[in-house]
Amino acid sequence: QVQLVESGGGLAQAGGSLRLSCAASGRTFSSYDMAWFRQAPGKEREFVADINWSGGSTYYADSEKGRFTISRDNAKNTVYLQMNSLKSEDTAVYYCAARPSRGIHGGPYDYWGHGTQVTVSS
């Protein structure tokens, strides 16, 4: 029903920036909550940020708050994660996720991309 494709990952130096993109299929994108998760080697998947269907409500994990910004462009069926002041601890595979709008932060997501690798050198 929904296909998510992440891009923009790569190698960055500590203190640098990367901008991740997630392109969603179909025009139903505008009615979906979107989120970013990440998974570092040897660690469990963790929540990074989410954004509601209109883009008017965002939420961040404490480790990213003040450094990362999630946004969306519904006309382009795309959600973004702007990552600034990168740290080596940010190294992980970053996953885009989607669900029909639920009016809440957190909770489960139904659709997932395959991930994009972010590596931050120290």
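Basis of the calculations
- Residues numbered from 1 in each chain as written.
- Predicted model: local features only at pLDDT ≥ 70, side-chain atom pairs only at ≥ 80, totals over all residues.
- Heavy atoms only, no water.
- Pairing = 2+ DSSP bridges.
- Helix = DSSP H or I, 4+ residues; strand = E, 2+ residues; numbered from the N terminus.
- Axes fitted to C-alpha atoms, helices over the stretch in contact; angles between N-to-C directions.
- Buried < 20%, exposed > 50% of the residue type's maximum accessible area, 1.4 Å probe, protein only.
- Polar contact = N/O pair within 3.5 Å; in protein donor to acceptor, adjacent residues only side chain to side chain.
- Contact = heavy atoms within 4.5 Å.
- Phe/Tyr/Trp six-rings, centres within 6.5 Å; stacked < 30°, edge-to-face > 60°.
- Lys NZ or Arg CZ within 6 Å of the ring centre and 35° of its normal.

1. A short note on the sheet that holds strand 7 (residues 68-73)
Working step 1: Pairing in this open sheet of four strands is antiparallel, and the strands run 1-3-8-7 from one edge to the other. With one partner strand each, in any of the chains shown, strand 1 (4-7) and strand 7 form the two edges of the open sheet. On average, adjacent strands in this sheet sit at an angle of 15° to one another, irrespective of strand direction.
Working step 2: Bridge analysis of strand 3 (residues 18-24) against strand 8 (residues 78-83) gives six bridges, and the strand direction is antiparallel. Within the sheet, the bridge partner assigned to leucine 18 lies in strand 8 and is methionine 83.

2. Overview of the side chain of asparagine 52
Working step 1: Within the secondary structure layout, asparagine 52 lies in the loop between strand 5 (46-51) and strand 6 (58-60).
Working step 2: According to the relative accessible area criterion, asparagine 52 is buried, its value standing at 19%.
Working step 3: There is a polar contact of 3.0 Å between the side chain of asparagine 52 and the backbone nitrogen of serine 57.
Working step 4: Those residues in contact with asparagine 52 that lie beyond four places of it in its chain are Tyr32, Asp33, Ser57 and Arg72.

3. Topic: the pairing of strand 11 (residues 116-121)
Working step 1: Every second residue of strand 11 is oriented toward a common face, the buried set being Thr116, Val118 and Val120 and the non-buried set Gln117, Thr119 and Ser121.
Working step 2: Two strands pair when backbone bridges link them, and strand 2 (residues 10-13) and strand 11 are joined in this way by four bridges, in the parallel orientation. Looking across to strand 11, one finds that leucine 11 is bridged to threonine 119.
Working step 3: Note that strand 9 (residues 92-100) and strand 11 share three bridges and pair antiparallel. Looking across to strand 11, one finds that tyrosine 94 is bridged to threonine 116.

4. Considerations on the packing of aromatic side chains
Working step 1: Evaluated as defined, the whole model comprises five aromatic pairs.
Working step 2: With a centroid separation of 5.6 Å and 80° between ring planes, the pair formed by phenylalanine 37 and phenylalanine 47 is classed as edge-to-face. You can see phenylalanine 37 sitting in strand 4 (residues 32-39) and its partner phenylalanine 47 sitting in strand 5, a full 10 residues away along the chain.
Working step 3: What makes phenylalanine 47 partly exposed here is its relative accessible area of 23%.
Working step 4: A centroid spacing of 4.9 Å and a plane angle of 55° characterise the contact between phenylalanine 37 and tryptophan 112, whose relative ring orientation is tilted. Here tryptophan 112 lies in strand 10 (residues 111-112) and phenylalanine 37 lies in strand 4, a separation of 75 residues in the sequence.
Working step 5: Phenylalanine 37 gets classed as buried once you look at its relative accessible area, which sits at 10%.
Working step 6: According to the relative accessible area criterion, tryptophan 112 is partly exposed, its value standing at 28%.
Working step 7: What links up through ring pairs into an aromatic cluster is the set Phe37, Phe47, Tyr59, Tyr109 and Trp112.
Working step 8: Of note, arginine 99 hangs over the ring of tyrosine 109, and the distance from its end group to the ring centre comes to 4.3 Å.

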